[in-house]
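# Inside the fold
Spelled out from the first residue to the last, the chains are:
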Amino acid sequence: MNLQRWLTRVGRWLTRGYRHEFEVVQSFTARSAISNEEREFRPGQRLICDAPDAPTVTLETGGAFFFADRSVFEANCKAIQPTTMGP
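These figures come from a predicted structure and were not determined experimentally.

### Overview of the confidence of the model for the protein
When pLDDT is averaged along the protein, the result is 80, and 71% of the positions lie at 70 or above. Note that pLDDT drops below 50 for residues 83-87; the model gives that stretch eight contacts with residues more than four away or on any other chain.

Written out as structure tokens, the structure reads:
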């Protein structure tokens, strides 16, 4: 994903209508958007996602952003509170 596209997507985080909250139900790893290092997410952790149906899902937790393949994300997370508010 190129930087301009990523920055556009991250800008949407400021608008609550684009956020969806998820809980990890099974451990998985995702790559940091900045350092490209892997991080393991464990059951019970909460994540925010702007577009859960994108091919590469951008996750946010604790002010840090991570990328995960959508199939991995869908298999290991469940929606807590999808937001339906518009921008």
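### Some thoughts on the packing of aromatic side chains
Taken as a whole, this structure holds three aromatic pairs when the rule is applied. Ring centres of Phe 22 and Phe 73 lie 4.8 Å apart, and the angle between their planes is 70°; on these two criteria the pair is classed as edge-to-face. Of this pair, Phe 22 sits in strand β1 (residues 20-24) while Phe 73 sits in helix α2 (residues 70-76), and the two are 51 residues apart along the sequence. Looking at Phe 73, the relative accessible area reads 2%, which means it is buried.

### Here we look at the nonpolar core
Ranked by size, the top nonpolar core spans 13 residues in total, and within it Phe 28, Ala 30, Phe 41, Leu 47, Leu 59, Phe 73 and Cys 77 carry the most contacts. Taken together, the elements giving at least two residues each to this core come down to β1, β2 (28-32), β4 (46-49), β5 (56-61) and β6 (64-69). Setting aside anything within four residues of it in sequence, one finds Phe 73 in contact with Phe 22, Cys 49, Pro 52, Val 57 and Leu 59.

### Description of the pairing of β6
Note: β2 against β6, two bridges, orientation antiparallel. Residue pairing across strands places Ser 32 opposite Phe 66, the latter belonging to β6. Where β5 and β6 come together, six bridges link them in antiparallel fashion. Paired with Thr 61 across the two strands is Ala 64, which belongs to β6.

### Thoughts on the pairing of strand β3 (residues 38-41)
Successive side chains on a regular strand alternate, one facing one side of the sheet and the next facing the other. In the sheet, β2 pairs with β3 via four bridges, with the strands oriented antiparallel. The residue bridging Phe 28 from the neighbouring strand is Phe 41, located in β3.

### A closer look at unusual backbone geometry
With a phi angle near 65°, Asn 36 is a residue other than glycine that sits in the positive phi range. Mapped onto the elements, Asn 36 comes out in the loop between β2 and β3. For Asn 36, a relative accessible area of 49% puts it in the partly exposed group.

### Concerning the state of the cysteines
Put plainly, a disulfide is one covalent bond tying together the sulfur atoms of two cysteines. Taken as a whole and judged by the stated rule, the model has zero disulfides. No disulfide involves Cys 49; its nearest neighbouring cysteine sulfur is the one of Cys 77, lying 8.6 Å away. Cys 77 sits in the buried class, given a relative accessible area of 9%.

Cut-offs used in this document
Residues numbered from 1 in each chain as written. Predicted model: local features only at pLDDT ≥ 70, side-chain atom pairs only at ≥ 80, totals over all residues. Heavy atoms only, no water. pLDDT = per-residue confidence, 0-100. Contact = heavy atoms within 4.5 Å. Phe/Tyr/Trp six-rings, centres within 6.5 Å; stacked < 30°, edge-to-face > 60°. Helix = DSSP H or I, 4+ residues; strand = E, 2+ residues; numbered from the N terminus. Buried < 20%, exposed > 50% of the residue type's maximum accessible area, 1.4 Å probe, protein only. Core = buried A, V, L, I, M, F, W, Y, C linked by side-chain atoms within 4.5 Å. Pairing = 2+ DSSP bridges. Disulfide = S-S within 2.5 Å.

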